[in-house]
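Notes for the structure review
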Amino acid sequence: MRRYYRGYDPQRILSVAEMAYVARHRLPGFAWEYLQGGAEDESTLQCNRSAFQQYRLHSKTLVPNDPPILAGSLVGSASQLPLAIGPSGFNGMLWPNADVELARAATAHGVPFTLSTVANASLEQVRQQVPDADLWFQLYALKDPSLEQDLLQRALKAGCSTLVVTSDALVVGNREWDRRNFASPRQLTLANKLNVLTRPGWLWRVMVPAGLPTMGNLNAYLPDGERTALGAMQFIAEQLDTRLDWQRLAAIRANWPGKMILKGVLHPDDARMAISLGLDGVVVSNHGGRQLDGASSSLDALARIAPVVDGRISLLLDGGVRRGTDIIKALALGAEGVLLARTTLYGVAAYGGAGVDRVLTIVQEELGRSLNLMGCRGITSLDRRWLLAQGDSQ
Ligand SMILES: Cc1cc2nc3c(=O)[nH]c(=O)nc-3n(C[C@H](O)[C@H](O)[C@H](O)COP(=O)(O)O)c2cc1C
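A quick note: this is a predicted structure, and the numbers were derived from the prediction, not measured.

**A short note on the overall build of the protein**
If you tally the helices and strands in the protein, you get 16 helices and 14 strands. Computed over the C-alpha atoms, the radius of gyration of the protein is 20 Å, within 12% of the 21 Å expected from 2.2 N^0.38 for a compact globule of 394 residues. Taken along its principal axes, the extent of the C-alpha atoms in the protein is 65 × 50 × 40 Å. Each of the 394 residues in the protein was classed as buried or not, and the buried ones make up 48%. Partitioning the contacts of the protein with sequence separation of at least 6, the portion at a separation of at least 24 is 71%.

**Comments concerning the site of the ligand**
Near the ligand you find 22 residues, and of these Gly89, Ser116, Gly288, Ala341 and Arg342 are the closest. Of all elements in the fold, only helix 2 (29–36) and helix 15 (342–351) reach the threshold of two or more residues within the shell around the ligand. In the shell around the ligand, the residues fall into six nonpolar, 13 polar and three charged.

**Re the nonpolar core**
Within the largest apolar cluster, 114 residues are counted, with the highest numbers of intra-cluster contacts made by Val282, Val284 and Leu302. If one sorts the elements of this core by residue count, helix 16 (residues 353–374) sits on top with eight residues. Not counting residues up to four positions away in its chain, the partners in contact with Leu302 are Val284, Leu317, Ala330, Leu333, Gly334 and Ala335.

**Quick notes on unusual backbone geometry**
Of all residues except glycine, most have a negative phi; of all peptide bonds, most are trans. Even without being a glycine, Leu62 presents a positive backbone phi close to 55°. Structurally, Leu62 can be placed in the loop between strand 1 (55–57) and strand 2 (72–74). Given 5 C-beta atoms within a 10 Å radius, Leu62 is considered exposed. If you check the backbone angles, His287 has positive phi at about 65° while not being a glycine. Secondary-structure assignment places His287 in the loop between strand 11 (281–284) and helix 13 (298–309).

**Concerning the pairing of strand 11**
A two-sided burial pattern is seen for strand 11, the buried positions comprising Gly281 and Val283 on one face and Val282 and Val284 on the other. Direction of pairing for strand 10 (residues 259–265) relative to strand 11: parallel, over a ladder of four bridges. When the sheet's bridge partners are listed, Val265 is paired in strand 11 with Val284. In terms of handedness, the path from strand 10 via helix 12 (residues 268–276) over to strand 11 forms a crossover that is right-handed.

**Considering helix 16**
The first and last C-alpha atoms of helix 16 sit 32 Å apart over 22 residues, in line with the 32 Å expected at 1.5 Å per residue. Taken together, the buried positions of helix 16 are Gly353, Gly355, Val356, Asp357, Arg358, Val359, Leu360, Ile362, Val363, Leu367, Leu371 and Met374. Residues of helix 16 that are buried make contact with helix 1 (16–26), strand 1, helix 4 (98–108), helix 14 (324–332) and helix 15.

Reading guide: rules and limits
- Residues numbered from 1 in each chain as written.
- Predicted model: local features only at pLDDT ≥ 70, side-chain atom pairs only at ≥ 80, totals over all residues.
- Helix = DSSP H or I, 4+ residues; strand = E, 2+ residues; numbered from the N terminus.
- Rg over C-alpha atoms; globule rule 2.2 N^0.38 Å.
- Buried ≥ 20, exposed ≤ 12 C-beta atoms within 10 Å, placed from the backbone.
- Contact = placed C-beta atoms within 7 Å.
- Near = placed C-beta within 6 Å.
- Nonpolar A, V, L, I, M, F, W, Y, C, P; charged D, E, K, R; others polar.
- Core = buried A, V, L, I, M, F, W, Y, C linked by C-beta atoms within 7 Å.
- Pairing = 2+ DSSP bridges.
- Right-handed = clockwise from strand over helix to strand, strands pointing away.
- Expected span 1.5 Å × (residues − 1).

This is the structure:
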């Protein structure tokens, strides 16, 4: 087992894996498993990572070593890196005010931040605390059309440029580790309660100031006295529109004047539908292996979907991106950019905003250094010829 540094200075962290190691040792077991775990046998979670190993980089030599171009366009807007921070719910369990810390670090690095419907900070709080953020909003479609409409209005008012509609969580995946940690809904088992005592730093930071954080975007729809984490979880369980289909998606499109992308696409037919509906992009994603175990890895799905999309809309990927070279492989297979989720969550769980900042710096440096080593001048030069896979004749 590799031994990693476990200290208090994020600047000494050298890789995302090392950041994950620190996060693991700072979080109680149940919070770590919430962040890290996948559904059932976690086969999709694992193949998200292993899929990147199928490809080798087809590098060239004797190319002058100018700083490679990392900036470009992401869903029609300028971005300093070919990535955005993707949506994740309940970040406040990892670090106080984690959504704002993530948004701040993303903005400092010139990349978008996506706020989840089930975030702890509200749209209004994030916008107020990070006025310059390129804010994207992730929507879980709701049964009550007036509530959904209100959420969209608030997202618009908060200046969200892009709506990310998530389609792969109409039923919550079977995350056995999560279920095992709770004796009854949201009641930790005794073993987990005792385990929490082994993380006094986390208790002090996260629990002592205000207890489990509430869901900022949903508070407005909860009756007085039910604006608690538990109240919000019950609300979303009842309100989640499990009948979301293409017709409903078209109605959401008609209601949203900004850019809109669909997250959770793994089949080329669905990418074709997204194009015909006039969406601005799709995110090839299996929800980080947390939903359908046995689903394709995101990278394999990307290889099938990219020829169908053929540059007509933005093509993003998430799932298992941990290194700059992973981003290079996704871009070479046709993605315009990637979303990071666990990668930046490790940073916020370990050191708050300073940890996210460090993760983004590491990924940026890895991306630039690897492009240099490949003899590639920038992200827009990447295509399939920069990769080698078994069976390739190049
Ligand atoms: C802790 C956690 C919470 C998440 N919450 C959401 C969410 O609220 N909405 C959503 O669309 N995706 C959510 N996701 C999925 C991520 O947006 C993303 O698809 C996935 O994590 C990518 O895989 P990776 O983190 O291994 O790179 C969540 C993922 C994690 C790890």
